[in-house]
Structure formats: structure tokens, C-alpha cells
Amino acid sequence: MSKSMPNAVVALGANLDLRGNSPAVTLQSALDALSRHNVMIRSVSRFFATPCFPAGAGPDYVNAAALIATEKSPSQVLQALHEVEQEFGRERVQRWGMRTLDLDLVCFEDQVLPDRAVFDRWLTLPAESQRQEAPDQLVLPHPRLQDRAFVLVPMADIVPEWRHPVLDLTVSEMIQALPAAEVEAVTAL
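Residues numbered from 1 in each chain as written. Predicted model: local features only at pLDDT ≥ 70, side-chain atom pairs only at ≥ 80, totals over all residues. Heavy atoms only, no water.

1. A closer look at the overall build of the protein chain
Helix and strand counts for the protein chain come out as 7 helices and 6 strands. Counting only residues that meet the buried cut, the protein chain has 47% of its 189 residues in that class. Looking at the protein chain alone, contacts between residues at least 24 apart form 68% of all its contacts between residues at least 6 apart. Summed over its atoms, the accessible surface of the protein chain is roughly 9,100 Å², and 51% of this surface lies on carbon and sulfur atoms. One way to put it: in the protein chain the 16 positive side-chain charges average out to a point 2 Å from where the 24 negative ones average out. (Helix = DSSP H or I, 4+ residues; strand = E, 2+ residues; numbered from the N terminus. Buried < 20%, exposed > 50% of the residue type's maximum accessible area, 1.4 Å probe, protein only. Contact = heavy atoms within 4.5 Å. Areas by Shrake-Rupley, 256 points an atom, 1.4 Å probe, with all protein chains shown as cover. Lys, Arg positive; Asp, Glu negative; His and termini not counted. Charge placed at Lys NZ, Arg CZ, Asp CG, Glu CD.)

This is the structure we're talking about:
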């Protein structure tokens, strides 16, 4: 990632139509909206059809990833992402529920936030606890990043050599560590 302006990766997803528009149209519109929040879109992955996570929680998703550059702090970027989600009708009613738009700050350069101890807690949180608990502060890199083909496969389009600052694995290496069936289920539109 270039050092001229701090870079970050945003994961985008949607599985509900919004105002008569498909999830793919919503993702493209969300990218346009982010540009209005002083976020420069450097590159965007292809759009992918992905199985709903968790399985059975609703219609399948359209997912993508965007490399952004900004002078904003990570928390300011997160605030901008939440504002764009609200513009697109996002309601936070159920953890991992259906949504018109989901924007996640996946990584911000090689920063580990808020600190290594908090990151490690969320990294090692048991699966059942993950369904019940959500962090009350920004945790970076996203603590489930390495487990999610629907995030990693789009990231591989734009930053395949980004290296996780804690796991010391590139995006490509994290994909290789996933079950092949999960990776194959993420298909380009």
C-alpha cells in the first residue's frame, strides 16, 4: 500500500434490495457516497456472489472490497462508513442479520487497534460468543478477517500481498488456509 496518504480496506456487502435496486447497484452507489465523505477510492474488487453468513440467515450476498485513501483517522473512517450505511437504510437489529448495506473497515495500513490485548481477545473469542457479543470499540484488523472467504477473495483482487500485522500472513496465504469449498463458493458476478 502506498504511503502518500494512509490506506485502508473496506469490505462491502448487501443481500436485500433497496428502493427497487439490487444489492450490486447498492454497493456501487455506496462507493459513490463514500467519495462524498472525503474518502478517495483507489481501487475496487470485482463484485462477488457469496453464500449468506451464517448459513440460513437470509438471501445470499453480493460482496466486494475497496482500497481507500484518506486523511481521516480509523475512527473517523468508521463514522463515515456508519453514516453511509444509514443513508442506505441500514438498521442494526440482529447481529449477522440481513442488510441493505454493510460496510466494514477491515484494515488500516498495518495498525492493530485499540491495542494488541483487545485484538487478541476478539481474535480468540469462541464462535458461540461471537454470535452474542460485538466489540464496543473499533478493533483492527477485523478479528474474523482470516476466517471469511467473502472478505478475503475480494481483497485478493486489490491487495493480495497485504500482510496481516498479527498473523504475519498475506491475503493470498490466508485464502490458501481456508477450506477450498468456502473459497469456491465466492463467485465473481
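There's more to say after this.
2. Considerations on helix α2 (residues 74–87)
A rise of 1.5 Å per residue sets the reference length of α2, with its 14 residues, at 20 Å; its end C-alpha atoms lie 20 Å apart and thus fit the reference within 8%. For α2, every residue scored as buried is listed here: Pro74, Val77, Ala80, Leu81, Val84 and Glu85. On an axial view of α2, the arc spanned by its buried residues comes to 140 degrees, and they lie on one face. Those residues of α2 that are buried lie in contact with β1 (7–14), α1 (23–35), β4 (61–69) and β5 (102–108). Looking one or two places after α2, you find glycine 89, whose phi comes out positive at around 75 degrees. (Expected span 1.5 Å × (residues − 1). Arc of directions from axis to C-beta.)

3. Let's talk about the pattern of salt bridges
Counting across every chain of the model gives 6 salt bridges. When the shortest N-O distance is used, the salt bridge between arginine 116 and aspartate 120 registers 2.9 Å. In this pair, arginine 116 and aspartate 120 both sit in helix α3 (residues 116–123), 4 residues apart, roughly one turn of the helix. Assessed through its relative accessible area of 46%, arginine 116 is described here as partly exposed. (Salt bridge = Lys/Arg side-chain N within 4 Å of Asp/Glu carboxyl O.)

4. Some thoughts on the packing of aromatic side chains
Taken as a whole and assessed by the stated rule, the structure comprises 0 aromatic pairs. A cation over a ring is seen here: arginine 121 above tryptophan 122, with NZ or CZ 4.7 Å from the ring centre. (Phe/Tyr/Trp six-rings, centres within 6.5 Å; stacked < 30°, edge-to-face > 60°. Lys NZ or Arg CZ within 6 Å of the ring centre and 35° of its normal.)

5. Describing unusual backbone geometry
Note that the residue after leucine 113, namely proline 114, is joined by a cis bond; omega there is -5 degrees. Assignment of secondary structure puts proline 114 in the loop between β5 and α3. That bond from leucine 140 to proline 141 is cis: its omega, -10 degrees, falls within 30 degrees of zero. Structurally, proline 141 is set in the loop between α4 (127–132) and α5 (149–158). One non-glycine residue, asparagine 38, lies in the positive phi region at around 55 degrees.

6. A few points about the environment of cysteine 107
If you trace the backbone, cysteine 107 turns up in strand β5. It is 9.1 Å that separates the C-alpha atoms of cysteine 107 and leucine 145, two residues lying 38 residues apart in sequence.

7. Examining the nonpolar core
Core analysis: the largest hydrophobic core is formed by 26 residues, its most contacted members being Leu12, Leu27, Val84 and Leu105. Every element with two or more residues in this core is listed here: β1, α1, β4, α2 and β5. Beyond its immediate chain neighbours, meaning those up to four positions away, valine 84 contacts Ala30, Ala33, Leu34, His37, Leu101 and Leu103. By size, the runner-up hydrophobic cluster in this structure holds 22 residues, among which are Val151, Leu152, Trp162 and Met174. (Core = buried A, V, L, I, M, F, W, Y, C linked by side-chain atoms within 4.5 Å.)

8. Quick look at the pairing of β1
Burial analysis of β1 places 8 of its 8 residues in the buried class, the great majority of the element. Of the two faces of β1, the one carrying Asn7, Val9, Ala11 and Gly13 and the one carrying Ala8, Val10, Leu12 and Ala14 are both buried. Two elements, β1 and β4, share 8 bridges in a ladder whose sense is antiparallel. Bridged to glycine 13 within β4 is asparagine 63. (Pairing = 2+ DSSP bridges.)

9. Details of the packing of α1 against α2
For the pair α1 and α2, interaxial distance at closest approach is 10 Å and the crossing angle is 130 degrees. By the angle between their directions, the pair α1 and α2 is classed as oblique. Crossing geometry of α1 relative to α2 is assigned as right-handed. Taken together, the residues of α2 that come into contact with α1 (itself represented by Ala30, Ala33 and Leu34) are Leu81, Val84 and Glu87. Residues that form the contact of α1 with α2 fall into these classes: 5 nonpolar, no polar and 1 charged. (Axes fitted to C-alpha atoms, helices over the stretch in contact; angles between N-to-C directions. Parallel < 35°, antiparallel > 145°, perpendicular 65-115°, else oblique. Left-handed = near helix turned anticlockwise from the far one by under 90°. Nonpolar A, V, L, I, M, F, W, Y, C, P; charged D, E, K, R; others polar.)

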